Amino acid sequence: MPEMPEVEGLVRYLRERTSGRAVVKAQVAAIAALKTYDPPIDAIVGARVRDAQRHGKFVDLELEGGLHLVFHLAKAGWLRWHESLPATVIKPGRSPIALRIGFDDGSGFDLTEAGTKKSLAVYVVRAIGDVPGIARLGPDPLGDGFDRDALAGLLRGRRTQIKGLLRDQSVIAGIGNAYSDEILHAARMSPYALAANLDDAEVDRLYDALRATLAEAVATASGKPPADLKDAKRRGMAVHARSGEACPVCGDTIRSVFFADTDFQYCPTCQTGGKVLADRRLSRLLK
């Protein structure tokens, strides 16, 4: 799933290539992906792009006339950039393409989604707050106002496991499963630690790990074309999706646990005092 660093990379790439360009084509190929109907998708045709912004994991193309083309790539979506937009006809239901946008210089992009579970979402709105997911977002962890005390305030009183809290978009915007694994590994913290129980030293470590991990990932993503972002993300991971490999810090074997709706990875030596966390997948199999 694309998370904040990859989405920021996409936004910077789109800002460079689309600012000042007029939209000449806006074709929805998967009608379920379009979540708004007023204004209609055709309303953006002829409008020039003024800017590209990121809100959590949402991409926002700000257009002339006060319109915004907003999309969220969800779990299996991606953006495919074309210097020369293909002239082939998109056949709904027979292509992974959900949306095609073309610009007046012949370039454009497709939004694609793999798999059978379709969650990619596209919005055309007059105000960015009209997108429900954006209206509910918590603060951006790389924002100027997100300091150590701001994080401490978000953790205070929350009897929630820190792994789940980091992924909660209403608490902190933009972090998902992969980077929460990386942040907790860098902070030397158990994914099951309760947010409310963290002492000052642990909050310090978590804040430093969060800011450093995300800033480094954004720097890695910046300037890369969309086609290269996924591989760059994978190469930068210390523990996420590396179950069975050696921890790059201590050499212990990285473990995997089923959590909520997905897997997470961690290092027992670095994060849990050598304790191997129970895996609920095994528990279910034994019942």
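Predicted, not measured: the structure shown is a model, and the values here were computed from it.

S.K.: Sorry, what's going on with the sheet that holds strand β3 (residues 58-63) here?
M.R.: By definition, the strands of a sheet pair up through backbone hydrogen bonds, in either a parallel or an antiparallel sense. The antiparallel open sheet is built from four strands, whose spatial order is β2-β3-β4-β8. For this open sheet the edge positions go to β2 (49-55) and β8 (121-125), each flanked by a neighbour on one side alone. Going across the sheet, the axis of each strand differs from the next one's by a mean of 15 degrees, ignoring polarity. Where β3 lies against strand β4 (residues 67-72), six bridges are found, and the strand directions are antiparallel. Residue pairing in the sheet places V59 in a bridge with F71 of β4. Contacts between helix α1 (residues 4-18) and the sheet are confined to β2, β3 and β4, with β2 contributing the most and set at about 175 degrees to the helix.

S.K.: Just checking my understanding: could you explain helix α7 (residues 226-235) for this structure?
M.R.: Structurally, the α-helix is built with 3.6 residues per turn, so residues lying three or four positions apart point the same way. Residues of α7 that are buried include every one of P226, L229, A232 and K233, and no others. Taken end-on, α7 shows its buried residues confined to a sector of 100 degrees, consistent with a single buried face. Every exposed residue of α7 that faces more than 90 degrees away from the buried side is listed here: A227, R234 and R235. On the buried face of α7, the contacting elements are α1, β5 (77-82), α5 (177-186) and α6 (200-221).

S.K.: Help me understand the confidence of the model for the protein in this model?
M.R.: If pLDDT is low for a region, its predicted coordinates should not be looked at in detail. Of all residues in the protein, 97% attain a pLDDT of 70 or more, and the chain-wide mean is 94. Taken as a whole, residues 283-287 scores under 50 in pLDDT and shows one contact with residues more than four places along the chain or in a different chain.

S.K.: Can you help me understand the sheet that holds strand β7 (residues 108-113) in this one?
M.R.: An order of β1-β6-β7-β5 is seen for the four strands of this open sheet, with the pairing classed as antiparallel. The open sheet has two edge strands with one neighbour each: β1 (23-28) and β5. Neighbouring strand axes in the sheet, compared pairwise and without regard to direction, differ in orientation by 15 degrees on average.

S.K.: How do you make sense of the side chain of T272 when you look at a structure like this?
M.R.: Positionally, T272 belongs in the loop between α8 (268-271) and α9 (280-286). Residue contacts for T272: discarding those within four places in its chain leaves S190, Y266, C267 and L277.

S.K.: It is not clear to me how the pattern of salt bridges should be interpreted in this structure. Could you clarify?
M.R.: Proximity of charged atoms lets side chains of opposite charge pair with each other. All told, the structure shown has 19 salt bridges when counted by the stated rule. Here R21 makes a salt bridge to D104, at a shortest N to O gap of 2.6 Å. Taken together, the residues span a long stretch of sequence, with R21 in the loop between α1 and β1 and D104 in the loop between β6 (97-103) and β7 at a distance of 83 residues. Between K163 and D181 there is a salt bridge, with the nearest N and O atoms lying 2.6 Å from each other.

S.K.: Teacher, can you tell me more about the packing of aromatic side chains here?
M.R.: Given two aromatic rings, their pairing is described by the distance between the two centres and the angle made by the two planes. What the rule picks out here adds up to eight aromatic pairs. Both rings, one in F58 and one in Y123, keep their centres 6.4 Å apart while their planes meet at 55 degrees; by these two values the pair is tilted. Here the residue F58 occupies a position in strand β3, and Y123 occupies one in strand β8, the gap between them amounting to 65 residues. Across this residue pair, the class does not change: F58 and Y123 are buried. Their ring planes at 55 degrees and their centres at 6.0 Å tell us that F264 and Y266 sit as a pair that is tilted. For F264, a relative accessible area of 0% gives the class buried. Each residue in the set Y13, F71, W81, F103 and F109 is aromatic and connected to the rest through ring pairs, giving one cluster. One residue, R17, lies across the ring of Y13, its end atom 3.7 Å from the ring centre.

S.K.: Help me out: how do you make sense of the packing of α1 against α7 in this one?
M.R.: When two helices pack together, their arrangement is given by the angle between the helix axes and the distance between those axes. Between α1 and α7, the shortest axis-to-axis distance is 10 Å and the interhelical angle comes to 155 degrees. On the basis of their axis angle, the class for α1 and α7 is roughly antiparallel. Crossing angle aside, the handedness with which α1 passes α7 is right-handed. Residue-level inspection shows E6, G9, L10 and Y13 of α1 in contact with α7, the latter providing P226, L229 and K233. Class assignment for the residues of the contact of α1 with α7 results in four nonpolar, one polar and two charged.

What counts and what doesn't
- Residues numbered from 1 in each chain as written.
- Predicted model: local features only at pLDDT ≥ 70, side-chain atom pairs only at ≥ 80, totals over all residues.
- Heavy atoms only, no water.
- Pairing = 2+ DSSP bridges.
- Helix = DSSP H or I, 4+ residues; strand = E, 2+ residues; numbered from the N terminus.
- Axes fitted to C-alpha atoms, helices over the stretch in contact; angles between N-to-C directions.
- Contact = heavy atoms within 4.5 Å.
- Buried < 20%, exposed > 50% of the residue type's maximum accessible area, 1.4 Å probe, protein only.
- Arc of directions from axis to C-beta.
- pLDDT = per-residue confidence, 0-100.
- Salt bridge = Lys/Arg side-chain N within 4 Å of Asp/Glu carboxyl O.
- Phe/Tyr/Trp six-rings, centres within 6.5 Å; stacked < 30°, edge-to-face > 60°.
- Lys NZ or Arg CZ within 6 Å of the ring centre and 35° of its normal.
- Parallel < 35°, antiparallel > 145°, perpendicular 65-115°, else oblique.
- Left-handed = near helix turned anticlockwise from the far one by under 90°.
- Nonpolar A, V, L, I, M, F, W, Y, C, P; charged D, E, K, R; others polar.

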